[in-house]
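# Commentary on secondary and tertiary structure
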Amino acid sequence: FSKRSKKKMDPATLAQIAATHPLVRTVESGEEPTGPAAEAIRRQVESLLAIDMEDPELHEAMDVVADLWKSKGMGNTAENRRNLRSDLERQAVERCEDFVRQMAPMRDMLRQAEANADLLDKQAQDSVEDLERTDAETRRVVAAHEQLLETRDQLQREHDAAVAFRARYELSPNEKAALEAPNVYEERGGDADAFFRALERADAAAADVRRALADPDGAKAEAQEHELVPAGDEGEALLAKLDGATAAAYRKLFEFAALSLGRGAATATDAAQKAAASEAAATDARHPLKRALQALTQRRALYAACRDACGASRRALCVARLK
């Protein structure tokens with residue numbers, strides 16, 4: 001076929017085509033085609049005669065065939081027409097093989113990309129699992145941190161309550177030292193105020209402990225939040241310690257007052273002098289002797305003994321004044 005053969009097929013060409021077919025039996029041979037083969041040939045000839053030689057698609061197909069034969073230096077021969085199909089199939093196969101060869105690197109790259117995508121997906125899943133584990137661990141750490149904060153706050157409250165308890169019910173080292181000092185009052189001063197302050201606080205603390213032990217429920221009801229209240233054996237031990245400290249302090253206070261009032265004076269003159277000094281102390285509210293006598297009113301037995309102790313000195317003072 002050539003690019004110029006764009007017209008209806010002439011009878012001579014049809015005859016040439018028919019003569020090349022192995023099953024053709026023409027009228028010129030004197031035989032009438034019969035049977036299935038003849039019918040098949042008739043249908044083929046009719047289909048050939050029905051071909052529209054002006055069809056653009058047919059022209060395009062013939063151009064392709066012409067280019068194929070031209071590229072191979074072949075002509076429009078019967079042999080070439082018989083091999084046309086196989087040539088076209090071979091060309092198609094060659095083009096497919098060429099396409100496959102050209103696409104092989106792309107296929108390898110796609111496979112590599114797919115493998116990389118699978119790897120990235122696995123890594124992403126691992127990362128998600130790591131994040132979930134990290135998130136769970138973070139929540140655990142945060143919960144533990146919050147628990148530690150609550151424990152710290154609780155310990156701080158307990159510490160503050162213990163400090164407040166000790167400040168209210170226990171004597172400080174300085175207060176203990178003041179109560180345990182050899183003398184209530186010294187000429188150079190300094191002991192008396194500390195002693196009386198310590199004794200007053202010890203009495204108040206002991207009174208609070210007695211009230212708490214006598215009415216535990218009432219003491220707890222009056223206590224503020226987190227405030228500790230003396231109770232049980234610990235409260236009894238605390239009260240015994242306070243009573244012991246105050247008992248020794250009151251005894252020392254009695255000795256101081258009795259001596260100041262003249263007890264044990266060697267002579268009547270000494271007794272009179274001490275009685276006169278005690279009268280002078282009665283006018284000074286800050287004088288240690290006056291403060292001692294006021295404090296001894298909390299211990300009736302000691303106060304009575306102190307009053308009895310000053311009888312002799314008072315009598316000596318009266319005798320001295322009558323002379």
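Conventions used here
Residues numbered from 1 in each chain as written. Predicted model: local features only at pLDDT ≥ 70, side-chain atom pairs only at ≥ 80, totals over all residues. Heavy atoms only, no water. Helix = DSSP H or I, 4+ residues; strand = E, 2+ residues; numbered from the N terminus. Buried < 20%, exposed > 50% of the residue type's maximum accessible area, 1.4 Å probe, protein only. Contact = heavy atoms within 4.5 Å. Areas by Shrake-Rupley, 256 points an atom, 1.4 Å probe, with all protein chains shown as cover. Salt bridge = Lys/Arg side-chain N within 4 Å of Asp/Glu carboxyl O. Axes fitted to C-alpha atoms, helices over the stretch in contact; angles between N-to-C directions. Parallel < 35°, antiparallel > 145°, perpendicular 65-115°, else oblique. Left-handed = near helix turned anticlockwise from the far one by under 90°. Nonpolar A, V, L, I, M, F, W, Y, C, P; charged D, E, K, R; others polar. Arc of directions from axis to C-beta. Phe/Tyr/Trp six-rings, centres within 6.5 Å; stacked < 30°, edge-to-face > 60°. pLDDT = per-residue confidence, 0-100. Core = buried A, V, L, I, M, F, W, Y, C linked by side-chain atoms within 4.5 Å. Patch = residues over 30% accessible without salt bridge, like charges linked within 9 Å, V, L, I, M, F, W, Y side chains within 5 Å.

Helix and strand counts for the protein chain come out as 13 helices and zero strands. Traced from its N-terminal end to its C-terminal end, the protein chain shows the element sequence α-α-α-α-α-α-α-α-α-α-α-α-α. A total of 323 residues make up the protein chain; the buried ones form 23% of that total. Expressed as a percentage of contacts within the protein chain between residues at least 6 apart in sequence, the contacts between residues at least 24 apart total 65%. For the protein chain, the accessible area works out to roughly 22700 Å², and carbon and sulfur atoms hold 55% of it.

Take the pattern of salt bridges next. Two side chains with opposite charge may pair up if their charged atoms get near one another. Scanning all chains against the criterion turns up 15 salt bridges. Note that aspartate 108 is salt-bridged to arginine 107, the shortest N-O span being 3.5 Å. Owing to a relative accessible area of 41%, aspartate 108 belongs among the partly exposed residues under this scheme. For arginine 107, a relative accessible area of 37% puts it in the partly exposed group. Between arginine 291 and aspartate 193 there is a salt bridge, and its shortest N-O distance comes to 2.7 Å.

Right, let's get into the packing of helix 9 (residues 232-260) against helix 12 (residues 300-309). In the contact formed by helix 9 and helix 12, the axes pass within 9 Å of each other and the chain directions differ by 15°. If you check the angle between helix 9 and helix 12, you find them roughly parallel. Once helix 9 is placed against helix 12, the crossing between them reads as right-handed. Packed against helix 9, whose contacting residues are Tyr250, Arg251, Phe254, Ala257 and Ala258, the element helix 12 presents Leu302, Ala305, Cys306 and Ala309 at the interface. Looking at the contact of helix 9 with helix 12 residue by residue, the classes come out as eight nonpolar, no polar and one charged.

Before going further, it helps to spend a moment on helix 12. For helix 12, the full list of buried residues reads Leu302, Cys306 and Ala309. Seen along its axis, helix 12 keeps its buried residues to an arc of 60°; they face one direction. Away from its buried face, by an angle of more than 90 degrees, helix 12 presents the exposed residues Arg300, Ala301, Arg307 and Asp308.

One pass over the structure, following the stated rule, counts two aromatic pairs. Geometrically, the ring pair formed by phenylalanine 165 and tyrosine 169 is tilted, given 4.7 Å between the ring centres and 45° between the ring planes. Of the two residues, phenylalanine 165 and tyrosine 169 both sit in helix 5 (residues 84-169), four residues apart, roughly one turn of that helix. For tyrosine 169, a relative accessible area of 4% gives the class buried. Ring centres of phenylalanine 195 and phenylalanine 196 lie 5.5 Å apart, and the angle between their planes is 85°; on these two criteria the pair is classed as edge-to-face. Neither phenylalanine 195 nor phenylalanine 196 differs from the other in exposure class; each is buried.

Relative to the helices and strands, glutamate 175 is located in helix 6 (residues 173-179). When near neighbours in sequence (up to four residues on either side) are disregarded, glutamate 175 contacts Glu170, Ala198 and Arg201.

Before going further, it helps to spend a moment on the confidence of the model for the protein chain. Considering every residue of the protein chain, the mean pLDDT works out to 77; 72% of them sit at 70 or more. Mean pLDDT per element in the protein chain: helix 1 (residues 11-20) is the minimum at 57, and helix 5 is the maximum at 91. Of the regions scoring below 50 in pLDDT, residues 1-7 engages in 13 contacts with residues more than four places distant in sequence or in other chains. A low-confidence stretch, residues 22-28 (pLDDT under 50), is modelled with seven contacts involving residues beyond four sequence positions or located in other chains.

Moving on: the nonpolar core. Phe195, Leu199, Leu253 and Leu296 are the most contacted members of the largest nonpolar core, which totals 33 residues. Top element by residues in this core is helix 9. It accounts for ten residues. Discounting chain neighbours no more than four positions away, the residues touching phenylalanine 195 are Ala178, Leu179, Val184, Ala249, Lys252 and Leu253.

What follows covers a nonpolar patch on the surface. Among the surface-exposed residues, Phe99, Val100, Met103, Met106, Met109 and Leu110 lie close enough to one another that they form a single nonpolar patch of about 580 Å² accessible area. Mapped onto the elements, methionine 109 comes out in helix 5.

Helix-helix packing is characterised by the crossing angle of the two axes and by the distance between the axes. Here helix 9 crosses helix 11 (residues 288-296) at 130°, and the two axes come no closer than 9 Å. In terms of their interaxial angle, helix 9 and helix 11 are classed as oblique. Between helix 9 and helix 11 the crossing geometry is left-handed. Contact residues: helix 9 offers Tyr250, Leu253, Phe254, Phe256, Ala257 and Ser260, while helix 11 offers Pro288, Leu289, Ala292, Leu293, Ala295 and Leu296.

Among all positions in helix 11, only Pro288, Leu289, Arg291, Ala292, Ala295 and Leu296 are buried. Looking straight down helix 11, one finds its buried side chains confined to an arc of 160°; they lie on one side.

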